[in-house]
Amino acid sequence: MNNQHSSATLRKGQFLWMEPAARNVYLQKLKERISEGYYYTDRIFSKIADELAPVLEEVVASH
C-alpha cells in the first residue's frame, strides 16, 4: 500500500490540465520556489529529518 506513489503520479499531470492563466500562476510559483532554494536537496533532507526525529526517538525509547 504505497499511497504516496499514486498521489505523486496524480500531481505530475496537474500542469497539463490547467487553464493558461492558472498555468502561468503555477509556473511563477515554481520559479519563485526554485529561486528561494525550496527544492534544494539539503533543505528537503533537513525537513525529512525534522519530521522523522520524534518518531525515531519514540522507537528507540520503547526498546
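Reading the values: the criteria
Residue indices follow the written sequence of each chain, beginning from 1 at its first position. Thresholds applied to this predicted model are a pLDDT of at least 70 for local features of residues and 80 or more for the giving and counting of side-chain atom pairs; totals over whole chains, interfaces and linings are not thresholded and use all residues. Excluded from the side-chain calculation are hydrogens and water; included are all heavy atoms of the structure. Known as pLDDT, the predictor's confidence for each residue is given on a scale from 0 to 100. Runs of E in the DSSP output that reach at least two residues are strands. Runs of H or I that reach at least four are helices, and both are numbered from the N terminus. Here, residues are in contact when the closest pair of their heavy atoms is within 4.5 Å. Patches here are clusters of residues that have more than 30% relative accessible area and form no salt bridge, with a 9 Å joining cutoff for like charges and a 5 Å cutoff for nonpolar side chains (Val, Leu, Ile, Met, Phe, Trp, Tyr). Exposure was quantified through the Shrake-Rupley algorithm and a 1.4 Å probe, taking into account, for residues, occlusion by the shown protein chains and nothing else. Basic side-chain nitrogens of Lys or Arg form a salt bridge, by our definition, when they fall within 4 Å of a carboxyl oxygen of Asp or Glu.

**Quick look at the confidence of the model for the protein chain**
Confidence in the prediction for the protein chain averages 77 pLDDT; 79% of positions are at 70 or higher. Looking at the elements of the protein chain, mean pLDDT is at its lowest for helix H1 (residues 3-12), recorded as 51, and at its highest for helix H2 (residues 20-35), recorded as 89. Here residues 1-6 is modelled with pLDDT under 50, and outside its nearest four sequence neighbours on either side it reaches zero contacts, counting other chains as well.

**Some points on a nonpolar patch on the surface**
A surface patch of nonpolar side chains, about 750 Å² in accessible area, is lined by Ile34, Tyr38, Tyr39, Ile44, Phe45, Ile48, Leu52 and Leu56. No other element matches helix H3 (residues 41-62), which puts five residues into the nonpolar patch. Within the secondary structure layout, Leu52 lies in helix H3.

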